[in-house]
Each structure stands twice: as structure tokens, then as C-alpha cells.
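# Understanding the architecture of this molecule
As a plain string of letters, each chain reads:
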Amino acid sequence: SSHMSDVARLLLAARTTQQKITLIETLRVNLQLHPREQQDAYARDGLIPWLTTLLQTSNFDREQSVAIGLLGDLALFNDNTSSLIVNTPELIQLTRSLIVSHTNSIAVRHLSLRLLSILADNWTTHRNLSTFIPFLVKTVTEDTDPSTRVICVMFLGKFAYNHEMRETLIRENALDPLMEVSRCKNPNLVPVVASLAVANLADESYTMDRTIVSDLLHAFDLTLNAEPYPPGSRFFGTPWKIALGISNVCRNETNRSYCRELKLAPLLHKGLSIALETGDSRLIRYSLLSLWRLTDGADSREFNVFDYSRNEQFT
């Protein structure tokens, strides 16, 4: 029909594997140039069902890789498109089989896990995606490939921020393997992500190693400066998420004393001033909560907590 968009026409016209791969690569470049508007437009043009059909019929690594990569780009930081993908049961089923199957290349497995992890940025997908938790726990515990483990740790970490997922994660024994990764000395496994997940899942009786608390505060500092953690990596944290983890760390008395020794209060002040400039209400909330717990009911004037709550931007 004359109402058909250019992209919808191109999807219909791509017949051979090579034409499909070339088209997908072109769409991926366009998405990187104008992410938000293109994501929604491509979803309207029927890209998700087209990619689903392609993945159902393809046994070709290269084709699967680019298709899954495109789905990840389509979902990135977009609650609308990520919901559409999660609500396509055949697609989630396909992704599951690509992850579990050992006939696929490691690249296809990684891209499939990356896709699911991107979808998990949207909390409304968590109920649907929670069926992957046993697989993630098993992989973090047993897999020998460090990069597969990292993706699974990050994926579990996203669930751990969502209080509604806490019981499920604990029931599926996610805490032990995450604690193990949080104590490991290999920066490539990004133990700080595991430490944050542990902080969000454990109760106040859990005392962290001082070195782990130190790493968390270092990660918070770098993240507030918009620098990657670990330094030189490609991992960029989200300040409010680290502040939430720190507020949970501060529920434990020994952890609080570590935080005082490691000078957490000035860091939280820095977080609050950034949060007030940017209007980040979650960073304000969790920084204040951390300060309040850090004072241990002591004289909070020392931290000027209430100066922040009187600020007209505070909501």
C-alpha cells in the first residue's frame, strides 16, 4: 500500500541472507544516530515480528548475531520497545534456546544474554524475565567463561534493584554466587556489580568485607564524575543505583563504621549537590537515606541533611 513506510518496504524486499544482513546492519547504524525516534518508528514498521521470523528460520550464526544485536539496540533504554519484545513469547522462547544451546557460537550466546539484560532495564519486564533466574544463578556458579559470567552477574544485578524480585532471587539461591563474585579479586568480573546486588538482597545482619565497601565507595565516586568503573573499562554505573546499594550497606553497624572510616559523608554531599543540579530525585532520596543511616541517630546537623530537604527542588 502507498501508506507503507520505506523500512517496511525494505523488510519485504530483503530475500537472501546477505540482503537481510546488509539491511540489519544499515538499520543498526541509523539507530545509533537517532536512537529514540528510530526505535519507536522501527517497532511500528513491524521490525520485531520480522526479526522473530528471521530467527525462527535461521541456522546461520552471522545472521542470528546481527538480528539479536539489532533487537538489543531497539530495546536500549526504551520501555515501549522493550515491552513489545518481552511480550512476543516466541522471541523470548527463541532467545532462551539460543542461550542454552551449545551448538551456537559464544557470540550468539553473549548477544542473546545482552539482549535480555537490556530488556531487564525496564522493570515491567521482570515478572516475565524472572524465569531466567535459575539459569543465571547456575551460569554464575558454574560457567568457566568470564565474559558470560559478567553478563549474568549484571543481569541478576538489575533484578536485585527491584524490591519485588527480592524473594524470588533469594529463593533461587542467587545470594551465594553473587557473594562469591563480590569477593573475587578479578576486576574483569566487575565484582562491584555483584557487591551492589548483595547489598540490595542481604538483610542488615550481613557484614561486608572492608575492601568491598571501599570498592563500592570508589565506584560511587567515579560514577558521580561520569567515569567508568573499573577505571579504563566500558562499564558506566548509575549514581542512584549505587546510592541505593550504599544505603542498604549502611543498615549494618560494622558496615557503617567502615563507611565513616572511608569518608562516605563527603561523597554523599557531592552526590546530593549533583542530584539537586540534575533533579535526580532518586539520587537525592538514597543519598539522604545513606546519610541518615550513617549518623546512626546521632546529631544529624553535622551533615546538614535538612538543608537539602528544604531546597525547593527537593520532592
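Computed from a predicted structure; not experimentally measured. (Residues numbered from 1 in each chain as written. Predicted model: local features only at pLDDT ≥ 70, side-chain atom pairs only at ≥ 80, totals over all residues. Heavy atoms only, no water.)

This next bit is on the packing of helix α3 (residues 35-44) against helix α6 (residues 79-86). Where α3 meets α6, the axes come as close as 9 Å, and the angle between the chain directions of the two elements is 35°. When you trace α3 past α6, the crossing you get is left-handed. Across the interface between the two elements, Arg 36, Gln 39, Asp 40 and Ala 43 from α3 touch Asn 80, Thr 81 and Leu 84 from α6. Residue classes in the contact of α3 with α6 are distributed as two nonpolar, three polar and two charged. (Axes fitted to C-alpha atoms, helices over the stretch in contact; angles between N-to-C directions. Helix = DSSP H or I, 4+ residues; strand = E, 2+ residues; numbered from the N terminus. Left-handed = near helix turned anticlockwise from the far one by under 90°. Contact = heavy atoms within 4.5 Å. Nonpolar A, V, L, I, M, F, W, Y, C, P; charged D, E, K, R; others polar.)

What follows covers the confidence of the model for the protein. For the protein, per-residue confidence averages 90 on the pLDDT scale, and residues scoring 70 or more make up 93% of the total. Within the model, pLDDT remains below 50 along residues 299-315, and this stretch shows 23 contacts once partners closer than five positions in the same chain are excluded. (pLDDT = per-residue confidence, 0-100.)

In this section: unusual backbone geometry. Here the amide bond leading from Tyr 229 into Pro 230 is cis, since omega sits at -5°, within 30 degrees of zero. With phi around 60°, Asn 173 is a residue other than glycine that occupies positive phi space. Examined against the element boundaries, Asn 173 turns out to sit in the loop between α12 (166-171) and α13 (175-183). Classification of Asn 173 as exposed rests on a relative accessible area of 51%. Positive phi, close to 60°, is recorded for Lys 263, a residue that is not glycine. Note on placement: Lys 263 falls in the loop between α17 (253-261) and α18 (264-278). Residue class for Lys 263 comes out exposed when judged on its relative accessible area of 56%. (Buried < 20%, exposed > 50% of the residue type's maximum accessible area, 1.4 Å probe, protein only.)

With that out of the way, let us pick up the pattern of salt bridges. Here the structure, examined in full by the defined rule, presents 11 salt bridges. Across the salt bridge formed by Asp 73 and Arg 28, the nearest N and O atoms sit 2.6 Å from each other. In this pair, Asp 73 sits in helix α5 (residues 61-75) while Arg 28 sits in helix α2 (residues 17-33), placing the two residues 45 residues apart along the sequence. Asp 40 is paired through a salt bridge with Arg 36; the nearest N and O atoms lie 3.3 Å apart. Placement of both Asp 40 and Arg 36 in helix α3 is noted, with a separation of four residues, approximately one turn of the helix. (Salt bridge = Lys/Arg side-chain N within 4 Å of Asp/Glu carboxyl O.)

Let us look at the packing of aromatic side chains. Applying the stated criterion to the full structure yields four aromatic pairs. Relative to Phe 159, the ring of Phe 155 lies with its centre 5.3 Å away and its plane at 20°, an arrangement referred to as stacked. Linking Phe 155 with Phe 159, this pair stays in helix α11 (residues 146-160), spanning four residues, or about one helical turn. Per residue, the accessibility class of Phe 155 equals that of Phe 159, and both read buried. The ring of Tyr 286 has Arg 285 lying over it, and the distance from NZ or CZ to the ring centre is 5.6 Å. (Phe/Tyr/Trp six-rings, centres within 6.5 Å; stacked < 30°, edge-to-face > 60°. Lys NZ or Arg CZ within 6 Å of the ring centre and 35° of its normal.)

On to the side chain of Ser 58. Examined against the element boundaries, Ser 58 turns out to sit in the loop between α4 (47-57) and α5. Its relative accessible area of 5% is what places Ser 58 among the buried residues. For Ser 58, the side chain forms a polar contact with the main-chain nitrogen of Phe 60, separated by 3.1 Å. Those residues in contact with Ser 58, other than ones at most four positions away along the chain, are Glu 63 and Gln 64. (Polar contact = N/O pair within 3.5 Å; in protein donor to acceptor, adjacent residues only side chain to side chain.)

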